[in-house]
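Given next are the chains, with one letter for each unit.
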Amino acid sequence: MSHTPRTSPSRVPSRSSTPVPGRSPSRLALPVIRPAPSVSSLRVYSHGSSVVHSPVSISPPGTSTPRREGGESSSASSVTEGILVKEPDVEVETIDGEQGNASGSLDSCARDEESKKHLRDQLRRTLSKKESFTDISKLRQRHREQMSAMQEVPHTPAERYPPRQYFVLTDAGKPVFISGHDTEGTTSLIGVIQALVSIFLDDGDKLRCINAGNTRIVFLLRPPLYYACVSAWGEPESVTRFHLEYLHLQILSVVSAEQLRRMFEQRRNFDLRRLLSGAEPFLESLLARLEWDLAMSTSSLHCLKLDPVLRKAVADILVPTTKIKDMLYVILVAQGRIITLVRPRKHSIHPSDLHILVNTVHSSSILNSSAAASWLPVCLPKFNASAFVNAYVMFLPRNDGQESPEVASSSQSSDSVAVDAASEQRQPSLDDASSRESLPIGLDSSLSTEIGLVCVSGQADFEAVRGWCEAISQKLASEGLIKKLSRAILEGDTEYSVSSLSVPGLRHFLYKSRSHVQITMPLFEEPYDTPNEKRRLITLYQTLFDAIHAKSGQERTLKLQYIRTSQESVMGWITQPFELYLALSPHLPKSAAVGAANAIARWVQKEEKRLFLRDAPVF
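Residues numbered from 1 in each chain as written. Predicted model: local features only at pLDDT ≥ 70, side-chain atom pairs only at ≥ 80, totals over all residues. Heavy atoms only, no water.

Chemist: Looking at this structure, I do not really get the packing of aromatic side chains. What am I missing?
Modeler: The description of an aromatic ring pair rests on the distance of the ring centres and on the angle between the ring planes. This structure, assessed with the given rule, holds 13 aromatic pairs. Ring geometry for Tyr-161 against Trp-233: centres 5.3 Å apart, planes inclined by 90 degrees, an arrangement best described as edge-to-face. One end of the pair, Tyr-161, is in the loop between α2 (135-149) and β2 (165-170); the other, Trp-233, is in the loop between β6 (225-231) and α4 (237-254), with 72 residues separating them in the sequence. For the pair Tyr-161 and Trp-233, a shared accessibility class is recorded, and that class is buried. A centroid spacing of 6.3 Å and a plane angle of 50 degrees characterise the contact between Phe-545 and Tyr-581, whose relative ring orientation is tilted. Residue Phe-545 is located in helix α17 (residues 531-549), and its partner Tyr-581 is located in strand β17 (residues 578-584); the two are separated by 36 residues in the primary sequence. On the accessibility criterion, Tyr-581 (1% relative accessible area) is buried. (Phe/Tyr/Trp six-rings, centres within 6.5 Å; stacked < 30°, edge-to-face > 60°. Helix = DSSP H or I, 4+ residues; strand = E, 2+ residues; numbered from the N terminus. Buried < 20%, exposed > 50% of the residue type's maximum accessible area, 1.4 Å probe, protein only.)

So this is what it looks like as structure tokens:
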């Protein structure tokens, strides 16, 4: 059976890229955590008794759920008209949807119990809950009056964008994951978070967020795990809550929901860090992507701009043969974006599952591995949160078999076994504030031009999948398709500038096709060519998206919203076929924004075949 190694012929596919209990790779010293704000100035927002949602459904409403061999349920898959599962038109989440019964009890140790009880009593006296229950209706009434009287969304951009901090802990107060570097104050901070959550749980309430000046602390409860995010960016609450949801999904991709349930039923004080040892690069990479990736923020897919003839020629080769049983998806990805996707005829894939896969492929432990390929057991939470699928990942050789310079250099510098190499090279993609000034691998077009082939299967034979992927790689190379794809990426044909539209005053835009569940947008150019300016624009887009979709519990959705700052004017517009967010010069009138929006819609319609993945083959 032929084999096309990525580095040297001696390397074999590695299974080490997925964390294995009991095997702990080298750990890093984790970032300095800024002091927590004083609780004396906190304002607390919460809601009353929450509705307990049922576990995530793996099939769309109104459809039957086919059974797989071995009794495993199919994914949200009876949809035949689209590649991706569409999100509901309106998602107003006013209350957390928790799974299971949240427990607010503290550690059983008598001394710790006494000290934490004292802390809880002090917090109860300190925290102001004036707007927690009955006053929420007054807040909504005041919000309705303001919205009826204004045409622009009020927004004050942040002056600074310090790194967000993310915390994951168990309901017993044990730390699971902390973004950045760990410090001696971590234990006390985790204790404060657990005490804050438990106070409201004991009162039959659920804590959603705390506002302390310009800083907001958002909480998400997914028992047996609690999540918290500290941010001073001025974004809506729904944005960081969405980040915490994705963090939960990434953890479920390593440890399934069923495994979590069983482990914590048997041992409530179970230390999950041991099981997640080695998965830190996946989590850090995900948080970096969430900062910049607007496809994730809009629950959609960002495809690589490509000649439709070339895309179709590649996709036709990727259709698997009937000899391979239980194949689910075949995905070709480059620069963190999908080139094409081949799927079963009656299956659609959820965008969040795709993002989890792409993030895993482009994490440092996979991308920097010297192995020829990786065989990853991964749980796709929206497909089936209780089971694992197998993902075979290999990077195709560029230019008809020639290795890329970075791969060639890595093969010369390391001749160790793939298992050891993958373990030693696990490092967080962004481990300090300075590194956050750049895009993560896979989103920055200047960092990587490698093309990844991902084959997702249920219980398919490993050797059969590997042999088929190697045959596909050789066929793509022999027909010159890899060379054409690499040339398109290197020459910038997969990107476009806002100047291509020739719209006066237009600086940037984000267009989402609601039928394809995909987005397109130009490069970030002047004045958004620096990290902080880019962050400001993304936050403005997220503010409009939140207002239009009523993501933070607003009374109603909105069709057209407008924000004017001293630096730009930003408009959000939603119609039946598309959503559009655009930034213009602040000196232009609102009529110019409407004219620019219409011009963008016409241009995208004309270029639709290049911008979107429309007719991927099925099998």
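Chemist: For this particular structure, what's the right way to read the pattern of salt bridges?
Modeler: Charged atoms that come close allow side chains of opposite charge to pair. Tallied over the entire structure, the rule returns 17 salt bridges. Close ionic contact of Glu-237 with Arg-241 constitutes a salt bridge, the shortest N to O distance being 2.6 Å. Note that Glu-237 and Arg-241 are positioned in helix α4 at a spacing of four residues, about one turn of the helix. Here the two residues Glu-237 and Arg-241 agree in accessibility, since each one is buried. Between Arg-614 and Glu-608 there is a salt bridge, with its nearest N and O atoms 3.4 Å apart. A relative accessible area of 31% places Arg-614 in the partly exposed class. By relative accessible area, which is 22% here, Glu-608 ends up partly exposed. Here the salt bridges share partners, and the residues they tie into one network are Glu-258, Arg-261, Arg-262 and Glu-265. (Salt bridge = Lys/Arg side-chain N within 4 Å of Asp/Glu carboxyl O.)

Chemist: How do you make sense of the sheet that holds strand β8 (residues 327-334) when you look at a structure like this?
Modeler: Each strand in a sheet pairs with its neighbour through backbone hydrogen bonds, running either in the same direction (parallel) or in the opposite one (antiparallel). Pairing within the open sheet is antiparallel, and its five strands lie in the order β9-β8-β12-β11-β10. Unpaired on one side and paired on the other, β9 (337-342) and β10 (373-378) mark the two borders of the sheet. This sheet shows a mean twist of 20 degrees between the axes of neighbouring strands, independent of strand direction. Alignment of β8 against β9, held across five bridges, turns out to be antiparallel. Bridged to Leu-332 within β9 is Thr-340. Most of the contacts of helix α15 (residues 462-478) go to strand β11 (residues 389-396), to which it runs at about 30 degrees, and overall it touches β8, β10, β11 and β12 (451-457). (Pairing = 2+ DSSP bridges. Axes fitted to C-alpha atoms, helices over the stretch in contact; angles between N-to-C directions. Contact = heavy atoms within 4.5 Å.)

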